[in-house]
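Here's the letter readout for the chains.
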Amino acid sequence: MSADGRHEGLAGTPPNPDAALSVRGLTKRFGSFTAVDGIDFDVPRGQIFGFLGPNGSGKTTTIRMLTGTSGPDAGQALVLGEDVINHPERVKQRFGYMSQKFALFEDMTVEENLRFYAGVYDLSPDRFARQREYVLTMADLHGRENELTANLSVGWRQRLALGTATIHEPELLFLDEPTGGVDPVARRQFWDLLYDLAGRGVTLFVTTHYMDEASHCTQLAFIYRGGLIAEGSPHDIRRDAITEQVIEVSVGDVDAALDWLEREPGVEEAYLSGARLHAVIDPAAAGAGTSGAGDPAAVVADYTGRLQRAGFADATLVTVEPTLEDVFVNLVARAQQP
Amino acid sequence: MIGDAQSRRRVRLLMWKEFLQLRRDPLLIRLLFVMPILQLVLFGYVVAADVKNLSTAVVDLDATSTSRALEAHFTASDYFNVTEHPSEDGVQQLMDTSRIAIAIVIPAGTQAALDRGETAPIGVVVDGSDSQVASVGSGYAAQVIARFNAERMANSGVVVAAPGIDARVRVMFNPTLAAVNTMIPGLVAAIVMISIMAVMGQAVVKERERGTLEQMFVTPIKPVEYLIGKVTPYALLATAQLLLVAGVGVFWFKVPFAGQISVVAAGLGLFMLTSIGLGLLISLVSHTRQQAQQLMMLLLLPSFVLSGFIFPIDSMPAAIQPLSWFIPLTWAIEILRGAFIKGSGFEALSTQFWVLGVFAVVIFGAAIAATRRRLAE
Ligand SMILES: Nc1ncnc2c1ncn2[C@@H]1O[C@H](COP(=O)(O)OP(=O)(O)O)[C@@H](O)[C@H]1O
Ligand SMILES: [Mg+2]
């Protein structure tokens, strides 16, 4: 793995048939616009693979190529060892997909939706009875079987969609922003359901733009403007992607301090993180002219002094372990440099 | 492709789903059954179009200066366009194939009879399958002949007691000239176009807009299965509408049915394929239901106006008439009117069947090819 956390080793190698997902050089263009730009990654079986990126970065486009609904312009993709681009029908029975927006039939009842998808996957009556029971329990929909899904609230719909996507007990499940528009409590409950599935050996491919959900995953890939800018376990990414020091600043006048930090030499990035500020410091530039350049404690002392001289008397600084959000901001900033 | 049991099961499942959804849309169902009846009643009693430039045949068995002068009067009139000079036996054939709407038959001895001061009868044969053309056309023919008589008297300078030429009008097909008889075949074709192209096309767009289409296409459902599952319910719905309209037509308006069922079925079949193709093509290029609706109107309006469904094609400006050839509904209506009212068979309607067949193959084929690639994208 290189310094920016990217698997440069995969490009040009043949895809790995033993992985749950193996992608090489996958590319999708819309006219002259390249939505997904030659991405490479492997997802070993049994992982919770987080596919992270801001809105419009190409997550949904990637999933649609991996589920066989959209043909790529270049590249290869193996899903559960099968060539999903040329023979999607060979593997459709073995994966599930929960799309970004609620895609069950709103003018049909819970029961009718379940019956339809069970039939599509050709479940035997026994197996349908068992899976129906599982979904109704999991989604907490007992007693509401005959309600139109249009009348369900968001949380219920989400769990019903998850249940429907897994009614045929797939080995691999694609989830496209499954927690979009859901309150934090429901998001936690939903992740519990995902852990439950992972515990039963299902490989999960989850996209999200909530950085705090990244820590739920065992493996991550960051996509930005169609290209992968980092890949690895959360721990590896945190360790490798930022060699710079991240300082957390607690201060009364956050806005003014942010302005000041953005102009200060040696500060690569400064941004809000919760109620505090995070500043990414280039150790070489920061230490210039003082003794102990590169020593974290010295850097903190140096910037504490600078801030106080600039009028932020209440500023307290501390070196922090970079969060995934720090990593992401940093990687994006780097990707934006020419 | 659709042979194995799993495939058939999935198609049945898709049809079941479609009927469930249709049943939950009572407004649509009511609209689909009330609208054609309403239209039938409205058009059944309202006739108000200007008839012009009727394709006319002149059968001149007299071949004298008088008969040529009579023909010249028809040629000079805006209402008639003399395009054919068949033999007497050829008239039936021309009318069967809709190449003429009216024929003027001038018997041998017409000039001689007039010179003797006798009344000379001439035949005016009109095609009653378009009741407007027939009633208005025979009226104009009577006017042209009256003018001819008046001029002849003025020129001869003598006061003759005999009225000169006497037009004997014979209406072929639909002799009572009921507008509703003309309307029903057109309405049947229009129903197919609305129910299958517009309503089914909308259903596909709705499914794409909501994301349910994408969700179905990550499952083992194949595009063909989806299409059959989608089209069948709407084809059945259209058939139910057709039977309703035909029932009301036959039992309430007493419309006679002169034709062969097989000709009607073949014509409707080809037109259904065309309509399915148009509906699918529209749903592929539209991203929202609104866009689809606008495109449908863009197709439906000119189809209704230019196909002869509402206004007779013969009376449209000559420059516009060729446009009607590019409208599938034109040919479907000609086949249905021919079969319903004239009892025409495949032979008489072979041109119409060929053209409609080409439309069906090209449009349906293009739609299937495009759908297989792009339906879910
Ligand atoms: N069918 C399409 N036609 C044109 N552009 C598209 C299409 N689908 C997606 N895009 C564009 O591709 C980019 C990536 O979109 P998407 O994969 O949906 O992003 P994400 O899921 O990460 O939010 C966006 O800029 C989007 O506008
Ligand atoms: Mg998306």
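Look up a bit, the structure's there.
In short, a report on the structure. (Residues numbered from 1 in each chain as written. Chains lettered and ligands numbered in written order. Predicted model: local features only at pLDDT ≥ 70, side-chain atom pairs only at ≥ 80, totals over all residues. Heavy atoms only, no water.)

**Points about the overall build of chain A**
1) Next: Summing up its helical and strand segments, chain A has ten helices and 14 strands in all.
2) Next: Over its C-alpha atoms, taken along the principal directions, chain A stretches across nearly 75 × 45 × 35 Å.
3) Next: The proportion of buried residues among the 338 residues of chain A is 55%.
4) Next: Summarising the internal contacts of chain A: among those between residues at least 6 apart in sequence, 67% fall at separations of at least 24.
5) Next: Surface accessibility of chain A: about 14100 Å² in total, with carbon and sulfur atoms responsible for 50%.
6) Next: Of note, chain A has its 29 positive side-chain charges centred 5 Å away from the centre of its 48 negative side-chain charges. (Helix = DSSP H or I, 4+ residues; strand = E, 2+ residues; numbered from the N terminus. Buried < 20%, exposed > 50% of the residue type's maximum accessible area, 1.4 Å probe, protein only. Contact = heavy atoms within 4.5 Å. Areas by Shrake-Rupley, 256 points an atom, 1.4 Å probe, with all protein chains shown as cover. Lys, Arg positive; Asp, Glu negative; His and termini not counted. Charge placed at Lys NZ, Arg CZ, Asp CG, Glu CD.)

**A word on helix α3 (residues 65-76) of chain B**
All names here are of chain B.
1) Next: Over its twelve residues, α3 extends 16 Å from the first C-alpha to the last, a length consistent with the 16 Å expected when each residue adds 1.5 Å.
2) Next: Residues Thr66, Ser67, Leu70, Glu71, His73 and Phe74 constitute the buried set of α3. Viewed end-on, α3 has its buried residues packed into an arc of 150°, placing them on one side of the element. Residues Arg68 and Ala76 are exposed on α3 and point more than 90 degrees away from its buried face. (Expected span 1.5 Å × (residues − 1). Arc of directions from axis to C-beta.)

**A closer look at the coordination of the magnesium ion (ligand 2)**
1) Next: Listed as protein donors to the magnesium ion (ligand 2) are Thr60 of chain A (OG1) and Gln100 of chain A (OE1); their distances from the metal cover 2.0 to 2.5 Å. Here threonine 60 of chain A, found in helix α1 (residues 59-66), pairs with glutamine 100 of chain A, found in the loop between β6 (95-98) and α2 (110-120); they are 40 residues apart in sequence, far enough to count as distant. (Donors = N, O, S within 2.8 Å, 3.2 Å for Na, K, Ca; no water.)

**Some thoughts on the site of ligand 1**
Residues and elements named next belong to chain A.
1) Next: In the neighbourhood of ligand 1, the contacting residues comprise Phe30, Phe33, Ala35, Pro54, Asn55, Gly56, Ser57, Gly58, Lys59, Thr60 and Thr61.
2) Next: In this structure, an oxygen atom belonging to ligand 1 sits 3.2 Å away from a main-chain N or O atom of serine 57.
3) Next: Contact between ligand 1 and lysine 59: an oxygen atom at 2.8 Å from a main-chain N or O atom of the residue.
4) Next: The protein chains hide 61% of the 560 Å² of surface that ligand 1 would expose on its own.
5) Next: Breaking the shell around ligand 1 down by element, the ones donating at least two residues are β2 (33-43) and α1. (Near = heavy atom within 4 Å. Polar contact = N/O pair within 3.5 Å; in protein donor to acceptor, adjacent residues only side chain to side chain.)

**Looking at the nonpolar core**
1) Next: Ranked by internal contacts, the top residues of the largest apolar core, which has 141 residues, are Phe116, Leu162, Leu175, Leu204 and Phe222 of chain A together with Tyr226 of chain B.
2) Next: Ranked by residue count, the leading element in this core is helix α7 (residues 179-210) of chain B, at 18 residues.
3) Next: Filtering out sequence-adjacent residues up to four positions away, phenylalanine 116 of chain A remains in contact with Phe105 and Met108 of chain A together with Leu13, Leu14, Trp16, Lys17, Met216 and Ile221 of chain B.
4) Next: Within the second largest apolar cluster, 27 residues are counted, among which are Ile63, Leu80, Val84 and Ile223 of chain A. (Core = buried A, V, L, I, M, F, W, Y, C linked by side-chain atoms within 4.5 Å.)

**Let's talk about a negative patch on the surface**
1) Next: Together, Asp253, Asp255, Asp259, Glu262 and Asp314 of chain A give the surface a local cluster of negative charge.
2) Next: Mapped onto the elements, aspartate 259 of chain A comes out in helix α7 (residues 254-263). (Patch = residues over 30% accessible without salt bridge, like charges linked within 9 Å, V, L, I, M, F, W, Y side chains within 5 Å. Salt bridge = Lys/Arg side-chain N within 4 Å of Asp/Glu carboxyl O.)

**Overview of the layout of surface pockets**
Residues and elements named next belong to chain B.
1) Next: There is about 920 Å³ of room inside the largest pocket.
2) Next: What lines the largest pocket is a set of 33 residues, and nearest its centre among them are Ser98, Arg99, Ile313, Asp314 and Glu334.
3) Next: Listed by contribution, the elements that provide at least two residues to the lining of the largest pocket are β2 (80-84), α12 (328-342) and α13 (350-374).
4) Next: Counting residues per element, the lining of the largest pocket draws most heavily on α12, which supplies seven residues.
5) Next: Across the lining of the largest pocket, the residue classes tally to nine nonpolar, 16 polar and eight charged. (1 Å grid on protein atoms, 1.4 Å probe; cavity = no way out; pocket = protein on both sides within 12 Å on 5 of 7 lines; lining within 4 Å. Points joined across faces, edges and corners; volume = space filled by probe spheres on them. Nonpolar A, V, L, I, M, F, W, Y, C, P; charged D, E, K, R; others polar.)

**Description of the sheet that holds strand β11 (residues 245-250) of chain A**
Residue and element names in this part refer to chain A.
1) Next: Read across the open sheet, the four strands follow the order β12-β13-β11-β14; overall the sheet is antiparallel. Looking at strand neighbours, the two that pair on one side only are β12 (267-273) and β14 (316-320), the edges of this open sheet. Strand-to-strand twist of the sheet, defined as the mean angle between neighbouring strand axes without regard to direction, takes the value 25°.
2) Next: The strands that α7 touches are β11, β12 and β13 (276-281); relative to β12, the one it contacts most, it runs at about 165°.
3) Next: In the packing of helix α10 (residues 324-336) onto the sheet, contacts are made with β11, β12 and β13, and the angle to β12 comes to roughly 135°. (Pairing = 2+ DSSP bridges. Axes fitted to C-alpha atoms, helices over the stretch in contact; angles between N-to-C directions.)

**So, the packing of helix α4 (residues 154-165) of chain A against helix α5 (residues 184-199) of chain A**
Residues and elements named next belong to chain A.
1) Next: Packing of α4 against α5 leaves a shortest axis separation of 11 Å and a crossing angle of 15°. Viewed along their axes, α4 and α5 adopt a mutual orientation that is roughly parallel. The hand of the α4/α5 crossing is right-handed. When α4 is examined against α5, the residues Gln158, Arg159 and Leu162 are found in contact with a partner set consisting of Gln189, Phe190, Leu193, Leu194 and Leu197.
2) Next: Within the contact of α4 with α5, the residues separate by chemical class into five nonpolar, two polar and one charged. (Parallel < 35°, antiparallel > 145°, perpendicular 65-115°, else oblique. Left-handed = near helix turned anticlockwise from the far one by under 90°.)

**Regarding the interface of chain B and chain A**
1) Next: Taken together, the contact between chain B and chain A spans 26 residues of the former and 29 residues of the latter.
2) Next: For the pair chain B and chain A, the two sides together bury roughly 2500 Å², of which 58% comes from carbon and sulfur.
3) Next: It is Arg24, Gln215 and Val218 of chain B that lose the most area in chain B upon contact with chain A, and together they represent 23% of the buried surface on that side.
4) Next: Counting across the interface, chain B meets chain A through four salt bridges.
5) Next: We note a salt bridge from arginine 64 of chain A to glutamate 214 of chain B, for which the minimum N-O separation is 2.9 Å.
6) Next: Along the contact surface separating chain B from chain A lie ten residue pairs in polar contact (both at pLDDT 80 or more).
7) Next: Of all elements in the fold, only α1 (5-23), α7 and α8 (212-217) of chain B reach the threshold of two or more residues within the side of chain B that touches chain A. (Buried area = accessible area lost by both parts, 1.4 Å probe.)

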